Amino acid sequence: MPAERRSLRSNSKADPSSSANGEKTRSGSQSSSSKDKAAPTTRSAANKAKTAPAKKGAKSNANSEMSGNEQPHANGAERVENGVNGSDDVVMEEDTAGGPTSSSSNSTNRDGDEKMTVVVPPSKGSRLSGQDKEEDVAMEGAEEEAKEPEVDPYEKTVQDIKTNFVLLERAVTHFDPRFTLRVLRSISSMRKYLTQDVLAEVVVDTYPSSSSTASYLLEAIGKADAYKYAAPTSKMELDSDKPKPAIRDILPEVDIYLSILVQIYLYDNKEVQTGARFSNALVDRLRTLNRRTLDSLAARVYFYYSLFFEQLSPLPPSPAAAVISIRPTLLAALRTAVLRKDIDTQASVTTLLLRNYLSTSHISQADLLISHNQFPATASNNQIARYLYYLGRLRAIQLQYTDAHGHLVGATRKSPTTPTAGGFYQASTKLLIVVELLMGDIPDRSLFRQPALERALHPYFLLVQAVSAGDLDGFLDIVHKYSEVFRKDNTYTLVLRLRQNVIKTGIRMMSLSYSRISLRDICVRLGLESEESAEYIVAKAIRDGVIEASLDHEQGFMKSKDVGDIYATREPGEVFHERIRACLALHDENVKAMRFPMNQHRLELKNAQEARERERELVKEIQEGDIDDDDAGGDFDGI
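Residues numbered from 1 in each chain as written. Predicted model: local features only at pLDDT ≥ 70, side-chain atom pairs only at ≥ 80, totals over all residues. Heavy atoms only, no water.

**A few points about the pattern of salt bridges**
Here's step 1: Taken as a whole, this structure holds 13 salt bridges when the rule is applied.
Here's step 2: The partner of Lys162 in a salt bridge is Asp205, and the shortest N-O contact between them spans 2.9 Å. With Lys162 in helix H7 (residues 153-174) and Asp205 in helix H10 (residues 196-206), this pair connects stretches of sequence that are 43 residues apart.
Here's step 3: With relative accessibility at 29%, the residue Lys162 sits in the partly exposed group.
Here's step 4: We note a salt bridge from Asp489 to Lys430, for which the minimum N-O separation is 3.3 Å. Note that Asp489 is positioned in the loop between helix H24 (483-488) and helix H25 (492-496) and Lys430 in helix H21 (residues 422-438), a separation of 59 residues in sequence. (Salt bridge = Lys/Arg side-chain N within 4 Å of Asp/Glu carboxyl O. Helix = DSSP H or I, 4+ residues; strand = E, 2+ residues; numbered from the N terminus. Buried < 20%, exposed > 50% of the residue type's maximum accessible area, 1.4 Å probe, protein only.)

As structure tokens, this is what we get:
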């Protein structure tokens, strides 16, 4: 065993290319047994083997052994430290770094075949320290990867606008309005980053300096000298040797899209006068173009065109308001859109005209517009919601509360509930609450608990409480306290009509509570002036069907009739029918909004016809006896 151990350690640094070293090592190991007893190999000796005297002693011993034995071959003539080519043992030293270590050569060729490796396991403390270091490095790398590079909003906005140019070109090439709608939807995300510098850089990079459209856009944003201070940014401009590419024709869609961005910039910066002039010139230019790919963009142009003139003084509802001056332009645009079957512009201009008429209280003209114009059924969901809202306001003013309620319910259902569109949802809900009160119904309490409506509907919640309780004095106090809020919401005139409803509600509650009540008590509870006015009000409530009672003029009291089973009447069936009709209408709208691949039905029809022909041929062959059922592929049901 000692001889085998010595040979293993002595061969750990042997030269595998020399066979003489191996013979010398085996011969040397047999003649040095006495030396092994004098120099035992222990771990303490291994730690001391690093010192210089120990190395010198090992070298002198190796030389003395070599001088007393056979002469070495040529490959072993060189002196090697630690007796690798001699007969001394190679002592394994412990690595202070704590990692797994071995001798200077991990594997040697013994007799040309075997390879042996001697490994010293690291200590527990060193392994733990190594793992901590690796984990620290991994965590630092993860933190570096988690940190995304910051994107400059200026550069991102410019890049997004230029990317939309590609979508507009694709919309023109494929004649697909979905690409244009995608461009319009992206405006909301880049709107807060639109500045003079962003728009000027896009215009300078898009148009040549001689373009009239570029000068028109730059003048509107106050950057008429943008080309003078524009630095060459592209590699093509810096390289004067290479010829510049030919300038392509800019699509009108790109011009109108950049004009819309200028409109939005001017509107957000409250430059109303400049925006009105710019929009007026833009509408005149838009009327000269007849391209169906401009329909969605033209609708957005007219929208901001109307918004600018609504903020010009004198403001509505003044009879000399500036919005009255744009009515001929909007009517001409509506007539042109109907003739060209421009659905987007027709829907947008119709809602703008209704808004225009209602702002100046021209109810008869708004009614004539609706009666002589048919709103397109295939318009976008947002336009339908706006149209239903204005139509509901018009019908409520005309005392047609049932029709107004139906239109406002449709507007609230179609309106988005996102925070960006919260204003429209609140306005339509406020008007719907007032119309329901005018109809004699009480809105559900859960409506006022919605987070988007709770604060805005607080005055209307107090109003509903006063109406439902029949408290006339409390109702008048609420109207006086929140009159400014009702005027701002354009519901003040409708709220004033609720006084009769408060009285009717009080009478109905008293008819349900008492089988007989005197007119004097009714007059005291409702705060009426005299018994005669109370008698007239009760008689009108009976005629309108609000209560089921009878009046005794001689004794001066109201006698209520017994309430029968409501399910024995036709009212539950009518309500159920209304709900079914609403569900069917919603289903029809969803089916109309679905999109299908072009000509896909023809391909399916062709495949079905080919399958039928193959089945007929197969049946014919089976009938003629040319093929069996087994050859046909198993079970087969003939036609």
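Resuming the write-up.
**Some remarks on the side chain of Gln383**
Here's step 1: Tracing the backbone shows Gln383 in helix H19 (residues 381-397).
Here's step 2: Leaving out residues up to four positions away in the same chain, Gln383 has contacts with Ala347, Ser348, Thr351 and Phe375. (Contact = heavy atoms within 4.5 Å.)

**A word on a negative patch on the surface**
Here's step 1: Taken together, the side chains of Glu610, Glu613, Glu617, Glu621 and Glu624 present a region of like negative charge at the surface.
Here's step 2: Structurally, Glu624 can be placed in helix H30 (residues 600-624). (Patch = residues over 30% accessible without salt bridge, like charges linked within 9 Å, V, L, I, M, F, W, Y side chains within 5 Å. Areas by Shrake-Rupley, 256 points an atom, 1.4 Å probe, with all protein chains shown as cover. Lys, Arg positive; Asp, Glu negative; His and termini not counted. Charge placed at Lys NZ, Arg CZ, Asp CG, Glu CD.)

**Re H19**
Here's step 1: If you check H19, its first and last C-alpha atoms are 25 Å apart, about what 17 residues at 1.5 Å a residue would give, namely 24 Å.
Here's step 2: Where burial is concerned, most of H19 is hidden: 13 out of the 17 residues are buried.
Here's step 3: Backbone geometry just downstream of H19 places Leu399 in the positive-phi region, at approximately 70°. (Expected span 1.5 Å × (residues − 1).)

**Overview of the packing of aromatic side chains**
Here's step 1: Applying the stated criterion across every chain yields a total of 11 aromatic pairs.
Here's step 2: Aromatic ring contacts, followed pair by pair, group Tyr267, Phe303, Tyr304 and Phe308 into a single cluster.
Here's step 3: Positioned above the aromatic ring of Tyr492, the side-chain terminus of Arg487 is 4.1 Å from the ring centre. (Phe/Tyr/Trp six-rings, centres within 6.5 Å; stacked < 30°, edge-to-face > 60°. Lys NZ or Arg CZ within 6 Å of the ring centre and 35° of its normal.)

**Here's the deal with the pairing of strand E4 (residues 549-552)**
Here's step 1: By the bridge criterion, four bridges tie E4 to strand E5 (residues 557-560) in an arrangement that is antiparallel. Bridged to Leu551 within E5 is Met558.
Here's step 2: Turn length for the E4-E5 hairpin, with the two strands adjacent in sequence and antiparallel, is four residues, and the turn residue Gly556 shows positive phi of about 75°. (Pairing = 2+ DSSP bridges.)

**Examining the pairing of E5**
Here's step 1: Pairing of strand E3 (residues 516-518) with E5 involves three bridges; the strand directions are antiparallel. Each bridged residue has a counterpart across the sheet, and for Ile517 the counterpart in E5 is Met558.

**Some thoughts on the sheet that holds E5**
Here's step 1: With antiparallel pairing, the three strands of this open sheet are ordered in space as E3-E5-E4. Every interior strand has two partners, whereas the edge strands, E3 and E4, have only one. Going across the sheet, the axis of each strand differs from the next one's by a mean of 20°, ignoring polarity.
Here's step 2: In this fold helix H28 (residues 531-544) packs onto E4 and E5, with an angle of close to 150° to the strand it touches most, E4. (Axes fitted to C-alpha atoms, helices over the stretch in contact; angles between N-to-C directions.)

**Looking at the nonpolar core**
Here's step 1: Ile161 and Phe475 are the most contacted members of the largest nonpolar core, which totals 129 residues.
Here's step 2: If sequence neighbours within four positions are ignored, Phe475 has contacts with Leu463, Ala466, Val467, Val495, Leu498, Arg499 and Val502. (Core = buried A, V, L, I, M, F, W, Y, C linked by side-chain atoms within 4.5 Å.)

**Considering the confidence of the model for the protein**
Interpretation of this model should avoid reading the predicted coordinates in detail wherever pLDDT is low.
Here's step 1: On average, residues of the protein score 74 in pLDDT, and 70% of them reach the 70 mark or higher.
Here's step 2: Here residues 1-115 scores under 50 on pLDDT; set against residues more than four positions off or in separate chains, the count is 103 contacts.
Here's step 3: Throughout residues 233-247 the model reports pLDDT below 50, and contacts reaching past four residues in sequence, or to other chains, amount to seven contacts. (pLDDT = per-residue confidence, 0-100.)

**Here's the deal with unusual backbone geometry**
Here's step 1: Of note, the bond from Ser313 into Pro314 is cis; its omega dihedral lies within 30 degrees of zero at -5°.
Here's step 2: One can find Pro314 in the loop between helix H15 (295-310) and helix H16 (327-340).
Here's step 3: Omega for the peptide link from Pro316 to Pro317 comes to 10°, which places this bond in the cis form.
Here's step 4: Along the chain, Pro317 falls in the loop between H15 and H16.
Here's step 5: Positioned with a positive phi, Lys270 is a non-glycine residue whose angle comes to about 60°.
Here's step 6: Within the secondary structure, Lys270 sits in the loop between helix H13 (252-268) and helix H14 (272-286).

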